[in-house]
Amino acid sequence: MMFMTPWVLILITLNALVHLVLMVQPDLGNYLALQPRYLPYMPWTAITYMFVHAPGITHILFNMVGLYFFGPPVEARIGGRRFLTLYLIAGISGAILSVLTSPAPIVGASGAVFGVMLGFAWFWPRQEILIWGILPIEARWLIVMMTVGQLVLLRSGDNIAHFAHLGGFAGAWIYLKYLSRKPAMAQASWRKKTAPRITKSGDSMDRWRKINASALHPVNREEYERVIAKIDSLGTGSLTHSEREFLDRFSQAAG
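Reading guide: rules and limits
- Residues numbered from 1 in each chain as written.
- Predicted model: local features only at pLDDT ≥ 70, side-chain atom pairs only at ≥ 80, totals over all residues.
- Heavy atoms only, no water.
- Helix = DSSP H or I, 4+ residues; strand = E, 2+ residues; numbered from the N terminus.
- Buried < 20%, exposed > 50% of the residue type's maximum accessible area, 1.4 Å probe, protein only.
- Contact = heavy atoms within 4.5 Å.
- Areas by Shrake-Rupley, 256 points an atom, 1.4 Å probe, with all protein chains shown as cover.
- Expected span 1.5 Å × (residues − 1).
- Phe/Tyr/Trp six-rings, centres within 6.5 Å; stacked < 30°, edge-to-face > 60°.
- Salt bridge = Lys/Arg side-chain N within 4 Å of Asp/Glu carboxyl O.
- Axes fitted to C-alpha atoms, helices over the stretch in contact; angles between N-to-C directions.
- Parallel < 35°, antiparallel > 145°, perpendicular 65-115°, else oblique.
- Left-handed = near helix turned anticlockwise from the far one by under 90°.
- Nonpolar A, V, L, I, M, F, W, Y, C, P; charged D, E, K, R; others polar.
- Pairing = 2+ DSSP bridges.
- Polar contact = N/O pair within 3.5 Å; in protein donor to acceptor, adjacent residues only side chain to side chain.

A short note on the overall build of the protein chain
- Broken down by element type, the protein chain carries 11 helices and two strands.
- Its helices and strands in sequence order give the protein chain the pattern α-α-α-α-α-β-β-α-α-α-α-α-α, from N to C terminus.
- Looking at the protein chain as a whole, 44% of its 255 residues qualify as buried.
- Put simply, of all contacts in the protein chain between residues at least 6 apart along the chain, 66% involve residues at least 24 apart.
- Entry remark: accessible area of the protein chain is about 14100 Å², with carbon and sulfur atoms responsible for 65%.

Structure below.
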C-alpha cells in the first residue's frame, strides 16, 4: 500500500465529496466553477473550481491518481503547509492564465496537480516513472513532454483548459524557486520556526533509526537510506539542516 500523507488524503477526500454532492445537486457547480465574466462577483471560484470536475469519472480519476502518486513524496519532502501552498498557488496561477487567455469557464484540479508533478520533478528529476505502468521516463523529461504537449494542443479546439495546466507549472516553478532562493538570514529564521526541535545527537539517532523505512513512499525511502548511509559514513555532524528536518518529520510521524 502506498504511503499517504495528510494533505494529499484531505484533498482527495474533498474532491471526491464535492464530486458526489454535484452528482445530486449539479446546479451548485455554477457557484463553484470559475466563469471569467463572473469572477469579479464570485472571487472564491478561483479556488473552488479546483474541486469541481466534469460529470463522469474520467476527469476526477485522472487528477486524483496524479495527486495520489506524486503528492505524498512532495508533501513529505517540504512539509504539509508548504505542500498546500504549492497546490493552491499552482491552481490559482492556472486560473489566472486561463482567465487572461480565454473567456471559457474552467473546472478541475489539473492545474494544481500539474504543479505537484512539477514539484516531484524538481526534487527528483531523474526518478524513473512508468507511463501507464509500461513506458519508462525520467520525471524531468515527463514534465518537458507534458509542457510541449500542452503547447501543441493549444490550437486543437478541444474542451481542455491547456492554459490552466501551463499556469499550474508556472506558479509551482515560481514558488519552488522562491523557496530555494530565500536570503540566508530569512531562510535560517524560517527554518528555526518550522523545524522540529532537535535534542542530543544520540537521542536523535535513536528516533531516526526507529523509522519504518518499509512504510515510506519509495522515493522517500531511497532518500532515508541515503541519509542514514551518510550518517554511518560521516557522522551526524555531516547532516544539513534539511536532512535533519527530513528525518525528524518522519520520526515524529512514526512516534
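The rest of the description comes next.
Thoughts on helix H4 (residues 80-101)
- Compared with an ideal rise of 1.5 Å per residue, which puts 22 residues at 32 Å, H4 spans 32 Å between its outermost C-alpha atoms and is within 8% of the ideal.
- Considered for burial, the residues of H4 that qualify are Arg82, Phe83, Leu84, Leu86, Tyr87, Ala90, Gly91, Ser93, Gly94, Ala95 and Ser98.

Let's talk about the packing of aromatic side chains
- By the definition in use, this model includes six aromatic pairs.
- Ring centres of Tyr68 and Phe69 lie 5.3 Å apart, and the angle between their planes is 80 degrees; this geometry places the pair in the edge-to-face category.
- With a relative accessible area of 24%, Tyr68 lands in the partly exposed category.
- For Phe69, a relative accessible area of 42% puts it in the partly exposed group.
- One aromatic cluster in this structure is built from Phe70, Phe120, Phe123 and Trp124.

Quick look at the pattern of salt bridges
- As enumerated under the stated definition, the model contains three salt bridges in all.
- A salt bridge links Asp248 to Arg207; the shortest N-O distance between them is 2.8 Å. On the criterion of sequence distance, the pair formed by Asp248 in helix H11 (residues 241-254) and Arg207 in helix H9 (residues 201-209) is long-range, its members being 41 residues apart.
- We classify Arg207 as partly exposed; its relative accessible area is 27%.
- Between Arg226 and Glu223 there is a salt bridge, with the nearest N and O atoms lying 2.9 Å from each other. Placement of the pair is Arg226 and Glu223 together in helix H10 (residues 218-234), with a separation of three residues, close to one helical turn.
- Glu223 sits in the buried class, given a relative accessible area of 15%.

A short note on the packing of H4 against helix H5 (residues 110-123)
- One way to put it is that H4 packs onto H5 with a least axis distance of 7 Å and a crossing angle of 130 degrees. By the angle class used here, H4 and H5 are oblique. As for the relative orientation of H4 and H5, their crossing is right-handed in sense. Contact residues: Phe83, Leu86, Tyr87, Ala90 and Gly91 in H4; Gly111, Ala112, Val113, Gly115 and Val116 in H5.
- Grouping the amino acids of the contact of H4 with H5 by side-chain chemistry returns seven nonpolar, three polar and no charged.

Here's the deal with the side chain of Ser110
- Mapped onto the secondary structure, Ser110 falls in helix H5.
- Judged by its relative accessible area of 8%, Ser110 is buried.
- Setting aside anything within four residues of it in sequence, one finds Ser110 in contact with His59, Asn63 and His165.

A few points about the environment of Thr5
- Relative to the helices and strands, Thr5 resides in the segment before helix H1 (6-24).
- As for Thr5 and Pro73, which are separated by 68 residues in sequence, their C-alpha atoms are 8.2 Å apart.
- Not counting chain neighbours up to four residues away, the residues in contact with Thr5 comprise Gly71, Pro72, Glu75 and Ala76.

A word on the pairing of strand E1 (residues 128-131)
- Residues Ile129 and Ile131 line the buried face of E1, whereas the alternating positions Glu128 and Leu130 sit on a face that is not buried.
- Of the strand pairs in this sheet, E1 and strand E2 (residues 135-138) are connected by four bridges, and their pairing is antiparallel. The residue bridging Ile129 from the neighbouring strand is Ile137, located in E2.

Some remarks on the side chain of Glu75
- Looking at where Glu75 falls in the secondary structure, it is placed in helix H3 (residues 58-78).
- A polar contact is formed between the side chain of Glu75 and the backbone nitrogen of Trp7, at a distance of 3.0 Å.
- If near-sequence neighbours (up to four positions away) are discounted, Glu75 is found in contact with Thr5, Pro6, Trp7, Val8, Gly80 and Phe83.

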